[in-house]
Amino acid sequence: MADFGYDISDFYDIQEEYGSLADFDELIVEANKRNIKIILDFVPNHSSDENVWFQKSVKREKGYEDYYMWHDGYKNASTGAREPPSNWLQAFRGSAWEWNEERQQYYLHQFAVKQPDLNYRNPAVVAQMKRVLTYWLDRGVAGFRMDAVPWCFEVLPDAEGRYPDEPLSGYTNDTDDSSYLKHIYTQDLRETVEMVFQWRTLLDDYQRIHGGDTRVIMVETYSGLDYVMQFYGNRTTKGAQMPFNFQFIIGGNGDKNNTQLGATGFVKIINSWLTQMPAGQTANWVMGNHDQRRVGSRYGENRIDLMNMLQMFLPGVSITYQGEELGMTDLDISWEDSRDPAACNSNSQIYEQFTRDPARTPFQWSDEANAGFSTNATTWLPINPNYVTVNVKAENATSPSHLSLYKQLVELRKLKTLQLGATRYANVGDNVVAIKRSLSGEATYVLVANVLGTAVSEVDIATAIYATGSFKIKLLNPQAKATVGDSVSLSSLSLEPYAALILESV
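Just so it is clear, the model here is predicted, and its values are computed rather than measured. (Residues numbered from 1 in each chain as written. Predicted model: local features only at pLDDT ≥ 70, side-chain atom pairs only at ≥ 80, totals over all residues. Heavy atoms only, no water.)

## Looking at the packing of helix H3 (residues 123-138) against helix H4 (residues 190-210)
For clarity, the cut-off: Helix axes use the C-alpha atoms of the stretch in contact, all axes being lines fitted to C-alpha atoms, and the angles between their N-to-C directions lie in the range 0 to 180 degrees. Numbering goes from the N terminus for both helices and strands, where a helix is a DSSP run of H or I of at least four residues and a strand is a run of E of at least two. The handedness criterion is simple: a crossing whose near helix is rotated anticlockwise from the far helix by less than a right angle is left-handed, and one whose near helix is rotated clockwise is right-handed. Whether two residues touch is decided by their heavy atoms; if any such pair falls within 4.5 Å, the residues are in contact. Residue polarity follows a fixed list, in which Ala, Val, Leu, Ile, Met, Phe, Trp, Tyr, Cys and Pro are nonpolar, Asp, Glu, Lys and Arg are charged, and the others, Gly among them, are polar.
The N-to-C vectors of H3 and H4 enclose an angle of 35°; their axes lie 11 Å apart at closest approach. The two elements H3 and H4 meet at a crossing, and its hand is right-handed. Taken together, the residues of H4 that come into contact with H3 (itself represented by Val126, Lys130, Leu133, Thr134, Leu137 and Asp138) are Met195, Gln198, Trp199, Leu202, Leu203 and Tyr206. Looking at side-chain class alone, the contact of H3 with H4 contains 8 nonpolar, 2 polar and 2 charged residues.

Shown next, in the form of structure tokens:
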């Protein structure tokens with residue numbers, strides 16, 4: 001629990017805080033009854049230092065000597081002090097190398113000190129992790145969300161056994177900050193992509209032998225799009241069905257605040273994925289996750305419904321972080337209450353730049369104590385005071401609410417047009433995003449959204465997305481002062497600030 005479950009001490013068991021293997025098996029059975037598929041979070045890059053593999057590696061036990069990334073380091077010629085093998089930095093601040101007194105060597109950890117990196121150049125490690133995947137497939141998981149994949153391989157040392165220093169990024173003067181360096185030797189290597197190809201082959205083979213639906217791979221990577229797209233595979237080899245599309249997180253204004261992002265920026269984000277995705281693949285859209293500020297805090301609370309509508313209307317897979325369907329927002333967490341190692345490894349002056357805690361507050365079930373999340377006197381992180389109104393119980397009893405609209409969108413996605421239809425999109429000025437989904441023999445659907453805080457009038461959407469015929473309102477957000485069933489002219493449309501409509505051809 002040094003990094004809340006991302007430091008795995010046993011890849012074949014469930015951490016006690018979360019239950020037991022029996023509980024897990026029951027979860028699979030009950031989910032199957034409800035036609036829900038369970039995907040497991042798979043952490044390939046590292047283990048916990050409490051893992052038996054690491055303890056054996058420290059002792060150089062046979063078969064485990066090179067399970068992790070070990071190096072002697074160097075003696076400084078002038079001071080005689082021992083120094084790490086290279087200048088590499090961990091994601092959570094400071095050197096990525098840690099001295100191990102017992103083994104008398106440094107080990108690489110690209111995350112917390114208690115998360116030593118596995119050595120994927122060792123075939124025994126590759127085989128072991130394939131056993132892990134097979135073990136959980138045997139227990140009934142439908143696939144894997146693969147964590148921090150770009151870190152799996154590092155560059156090979158030179159003939160003298162030296163690892164190259166990474167160049168300075170010029171982005172910051174903070175020498176402990178991961179972004180101080182360009183990670184050209186420790187991230188985004190081609191071998192990592194090919195490892196994912198091997199995992200896809202394993203999952204496909206498993207399905208062929210055992211039957212059932214496709215077992216899926218979701219890959220977490222914030223890398224450049226040219227690298228991310230490689231994970232899909234190529235003409236001869238299949239890769240991940242869903243290399244995560246984080247463009248709505250990182251593709252906006254280049255910072256954590258997209259409240260001012262206009263329609264031009266929205267279309268640029270949509271375009272960046274759809275134009276670079278290999279032919280025959282499926283898009284996916286991730287608006288937020290456990291490492292990012294919440295959508296309502298990043299894009300503005302006025303755009304919560306609009307963002308859900310956009311995400312669910314675009315072609316492909318929609319990926320929602322828990323709470324976004326309710327419109328949950330960030331809670332500023334004090335230094336004293338901070339739990340995230342990314343923040344705790346800094347200091348009280350700068351921790352807010354690094355903390356992921358604001359988006360990790362407890363899920364808001366009801367207006368009862370602790371938002372109905374826990375019967376304990378206190379919770380791991382404080383609960384957002386807005387839980388009194390922003391909660392499942394209240395939103396289930398109210399329409400319109402964020403949740404009621406989200407459920408309508410889920411139903412809408414069952415339409416053939418949204419599942420299989422062609423997509424055309426454009427911005428009209430910097431206010432309006434327009435998307436058309438069409439399929440021969442089916443109704444055409446159009447999403448129009450005014451993404452800014454100023455009203456627009458008599459806008460021509462029809463020309464922008466080549467839409468003809470008559471349309472009526474199918475769904476709308478509360479900012480749109482209109483009524484479901486109203487007729488709409490696409491050649492002369494007026495929209496209130498932040499209004500979003502989904503229209504159906506008639």
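Still more to cover.
## Overview of the nonpolar core
As a reminder, the rule being used: Only buried residues count toward a nonpolar core. Its members are Ala, Val, Leu, Ile, Met, Phe, Trp, Tyr and Cys residues joined through side-chain atoms within 4.5 Å. Any residue under 20% of the maximum accessible area for its type is buried, any over 50% is exposed, and the rest in between are partly exposed; the area is computed with a 1.4 Å probe on protein chains only.
Tyr120, Met129, Phe144 and Trp199 are the most contacted members of the largest nonpolar core, which totals 44 residues. Elements with a minimum of two residues in this core: helix H1 (21-33), strand E1 (40-42), helix H2 (52-58), H3, strand E7 (143-146), H4 and strand E8 (216-219). Examining the composition of this core, we find that 8 residues originate from one element, H4, more than from any other. Apart from the residues lying within four places of it in its own chain, the contact partners of Met129 are Phe11, Phe42, Val43, Pro44, Trp53, Leu118 and Tyr120. Grouped together as the second largest cluster of nonpolar side chains are 41 residues, Met229, Met312, Leu447 and Val451 included.

## A short note on the side chain of Asp330
The condition that has to hold: Counting of polar contacts relies on pairs of N or O atoms within 3.5 Å, with two restrictions inside protein: one atom must be capable of donating a hydrogen and the other of accepting it, and residues adjacent in sequence are counted only when both atoms are side-chain atoms.
Turning to its location among the elements, Asp330 is positioned in the loop between strand E11 (317-319) and helix H10 (341-344). A polar contact is formed between the side chain of Asp330 and the side chain of Arg293, at a distance of 3.0 Å. Here the side chain of Asp330 touches Arg294 through a polar contact of 3.0 Å, landing on its backbone nitrogen. If we skip the residues at most four places from it in the chain, Asp330 touches Arg293, Arg294, Ser297, Pro358, Ala359 and Asn384.

## A look at the pairing of strand E5 (residues 97-100)
Spelled out, the test is: Pairing between strands is defined by DSSP: at least two bridges between them are needed.
Pairing analysis gives 4 bridges linking E5 to strand E6 (residues 105-108), with the strands arranged antiparallel. Paired with Glu98 across the two strands is Tyr107, which belongs to E6. Between E5 and E6, which pair antiparallel one after the other, the connecting turn spans 4 residues, and Gln104 there sits at a positive phi close to 65°.

## Observations regarding H3
Basically, it comes down to this: Helix span, as expected, comes to 1.5 Å for every residue beyond the first.
Counted at 1.5 Å a residue, the expected span for H3 with its 16 residues is 22 Å, and the 22 Å between its end C-alpha atoms agrees. Within H3, burial applies to Val125, Val126, Gln128, Met129, Val132, Leu133, Trp136 and Leu137. Packed against the buried residues of H3 are H1, E1, H2, E7 and H4. Its side-chain oxygen at 2.9 Å from the backbone nitrogen of Ala124, Asn122 defines the N-terminal cap of H3. Gly140 occupies a position one or two residues after H3 and carries a positive phi of about 105°.

## Here we look at a negative patch on the surface
Defined as follows: Within this analysis, patches are made of residues with over 30% relative accessible area and no salt bridge. Like charges are joined at 9 Å or less; nonpolar side chains (Val, Leu, Ile, Met, Phe, Trp, Tyr) at 5 Å or less. Using a 1.4 Å probe, accessible areas were evaluated by the Shrake-Rupley method; residue-level cover was limited to the displayed protein chains. A side-chain nitrogen of Lys or Arg and a carboxyl oxygen of Asp or Glu constitute a salt bridge if their distance falls within 4 Å. Think of it this way: Lys and Arg go in the positive column, Asp and Glu in the negative one, and His and the chain ends go nowhere. Throughout, a charge is located at the NZ atom of Lys, the CZ atom of Arg, the CG atom of Asp or the CD atom of Glu.
Together, Asp10, Asp13, Glu16 and Glu17 make up a negatively charged patch on the protein surface. For Asp13, the location among the structural elements is in the segment before H1. With relative accessibility at 39%, the residue Asp13 sits in the partly exposed group.

## Structural notes on the sheet that holds strand E9 (residues 242-243)
Taking strand neighbours across the sheet as the criterion, the 4 strands line up as E1-E7-E8-E9 in an open arrangement whose pairing is parallel. Where the open sheet ends on each side, the last strands, each with one partner, are E1 and E9.

## Structural notes on the packing of aromatic side chains
The geometry of two aromatic rings is summed up by the distance between their centres and the angle between their planes. Where we set the bar: Whether two aromatic rings pair depends on their centres lying within 6.5 Å, for rings of Phe, Tyr and Trp, where Trp uses its six-membered ring; planes under 30 degrees apart make the pair stacked, over 60 edge-to-face, and the rest tilted. Definition used: whenever NZ (Lys) or CZ (Arg) falls within 6 Å of the ring centre and also within 35 degrees of the ring normal, the charge is taken to sit over that ring.
Going through the model one piece at a time under the given rule, you end up with 32 aromatic pairs. Ring geometry for Trp53 versus Tyr67: centroids 5.8 Å apart, planes at 65°, classification edge-to-face. Note that Trp53 is positioned in helix H2 and Tyr67 in the loop between H2 and strand E2 (70-71), a separation of 14 residues in sequence. Taking the relative accessible area as the measure of exposure, Tyr67 reaches 3% and is therefore buried. Clustering of aromatic rings is evident, with ring pairs tying together Phe11, Trp53, Phe54, Tyr64, Tyr67, Tyr68, Trp70 and Tyr107. One cation-aromatic arrangement involves Arg339 over Trp380; the distance from NZ or CZ to the ring centre is 4.0 Å.

## A closer look at the pairing of strand E16 (residues 471-476)
Put simply, side chains in a regular strand alternate between the two faces of the sheet. Inspection of the sheet shows E16 paired to strand E17 (residues 487-488) by 2 bridges, in the antiparallel sense. Opposite Lys472, over in E17, you have Ser487 as the bridge partner.

## Considerations on the pattern of salt bridges
Overall, the coordinates contain 24 salt bridges when judged by the stated rule. Two residues, Lys59 and Glu102, come together in a salt bridge whose shortest N-O distance is 3.6 Å. Note that Lys59 is positioned in the loop between H2 and E2 and Glu102 in the loop between E5 and E6, a separation of 43 residues in sequence. In this pair, the class of Lys59 matches that of Glu102, namely exposed. Put simply, Arg200 and Asp204 hold a salt bridge, and the shortest N to O gap is 3.0 Å. Of this pair, Arg200 and Asp204 are both found in helix H4, 4 residues apart, which corresponds to roughly one turn of the helix.

## Describing the sheet that holds E2
Here we have 3 strands laid out as an open sheet, ordered E2-E6-E5, and antiparallel in their pairing. The strands lining the two open edges of the sheet, one partner per strand, are E2 and E5.

## Quick word on the environment of Glu30
As for its position among the elements, Glu30 is in helix H1. Assessed through its relative accessible area of 27%, Glu30 is described here as partly exposed. Separated by 338 residues in the primary sequence, Glu30 and Glu368 place their C-alpha atoms 27 Å from one another.

## Points about unusual backbone geometry
Cis geometry is found at the peptide bond from Ser399 to Pro400, where omega equals 5°. By the element assignment, Pro400 lies in the loop between helix H11 (392-396) and helix H12 (402-412). In this structure, Asn35 takes a positive phi of about 60° despite not being glycine. Within the fold, Asn35 resides in the loop between H1 and E1.

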